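# Commentary on secondary and tertiary structure
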Amino acid sequence: MSTVPVRLTVNGQQHEVEVEPRLLLVHLLRDNLALTGTHVGCDTTNCGACTVHLDGDAVKSCTVLAVQADGAEVTTIEGMADGEKLHPLQEAFWNDHGLQCGYCTPGMIMAAADLLARNPNPTEAEVRKGLEGNLCRCTGYHNIVKAVLDAAKTTQAGAGAPPEVSA
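One structure accompanies this document, and this report is about it. (Residues numbered from 1 in each chain as written. Predicted model: local features only at pLDDT ≥ 70, side-chain atom pairs only at ≥ 80, totals over all residues. Heavy atoms only, no water.)

## Comments concerning the packing of helix 2 (residues 88–95) against helix 3 (residues 105–118)
Packed helices, taken two at a time, are described by the angle their axes make and the gap between the axes. Where helix 2 meets helix 3, the axes come as close as 10 Å, and the angle between the chain directions of the two elements is 125°. Regarding the angle of helix 2 to helix 3, the classification is oblique. Here helix 2 runs over helix 3; the crossing is right-handed. Residues Leu-89, Gln-90 and Phe-93 of helix 2 lie in contact with helix 3, whose contacting residues are Thr-105, Met-108, Ile-109, Ala-112, Ala-113 and Leu-116. Broken down by class, the residue content of the contact of helix 2 with helix 3 amounts to seven nonpolar, two polar and no charged. (Axes fitted to C-alpha atoms, helices over the stretch in contact; angles between N-to-C directions. Helix = DSSP H or I, 4+ residues; strand = E, 2+ residues; numbered from the N terminus. Parallel < 35°, antiparallel > 145°, perpendicular 65-115°, else oblique. Left-handed = near helix turned anticlockwise from the far one by under 90°. Contact = heavy atoms within 4.5 Å. Nonpolar A, V, L, I, M, F, W, Y, C, P; charged D, E, K, R; others polar.)

Structure follows, in structure tokens:
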């Protein structure tokens, strides 16, 4: 089978890989680059577990071909923390019990980061609307929404401002 070269920057690190033209970005991240924080939940964009940032925008990586990311900047959940210091959203999910099994959590955090980049002071309704493409089967969403609102307050106060995420 033929392959094509793909160059992309993932979490600040440049990669050049040979991929089959039909390879999905989620599989490139997980299988080729060993970034397993991005989860495969449905392969149909329904659940959002595979959400990453592509050139600063939240996308569901299960429906993006790896070749479409050629030349792009990708941020995964692994790229959200600043070394040992968690991103404010990661801290808020931990502190507010915004996770149970954790399967949806990376996608939720990536979608929430995109929301907060566009709207740093969302209402509860805006958070719920912003996360509606991400499904959680465990928590009932209450603590997820609380975590996003708390992270927004934290970043507005300047305490633990998020690191630069491919914007």
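Now that the structure has been shown, the text picks up again.
## With respect to the side chain of Thr-76
Note on placement: Thr-76 falls in the loop between strand 5 (73–75) and helix 2. Looking at Thr-76, its side chain comes within polar contact range of the side chain of Asn-11, at 2.8 Å. Of the polar contacts made by the side chain of Thr-76, one reaches the side chain of Glu-78; its length is 2.6 Å. Leave out the neighbours within four places in its chain, and Thr-76 touches Val-10, Asn-11, Leu-29, Leu-35, Thr-38, Val-52 and Met-110. (Polar contact = N/O pair within 3.5 Å; in protein donor to acceptor, adjacent residues only side chain to side chain.)

## Structural notes on the sheet that holds strand 2 (residues 13–19)
Pairing is mixed across the open sheet formed by five strands, whose spatial order is 2-1-5-3-4. Each of the sheet's edge strands pairs with one partner strand only, and the pair in question is strand 2 and strand 4 (57–60). When strand polarity is set aside, the average angle formed by the axes of neighbouring strands in this sheet is 40°. Taken together, the two bridges between strand 3 (residues 51–54) and strand 5 define a ladder with antiparallel strand orientation. Among the inter-strand pairings, His-53 is bridged to a residue of strand 5, identified as Thr-75. Lying over the sheet, helix 1 (residues 25–32) contacts strand 1 (4–10), strand 2, strand 3 and strand 5, oriented at roughly 105° with respect to strand 2. Helix 3 rests against strand 3, strand 4 and strand 5 of the sheet, and its axis sits at about 40° to strand 3. (Pairing = 2+ DSSP bridges.)

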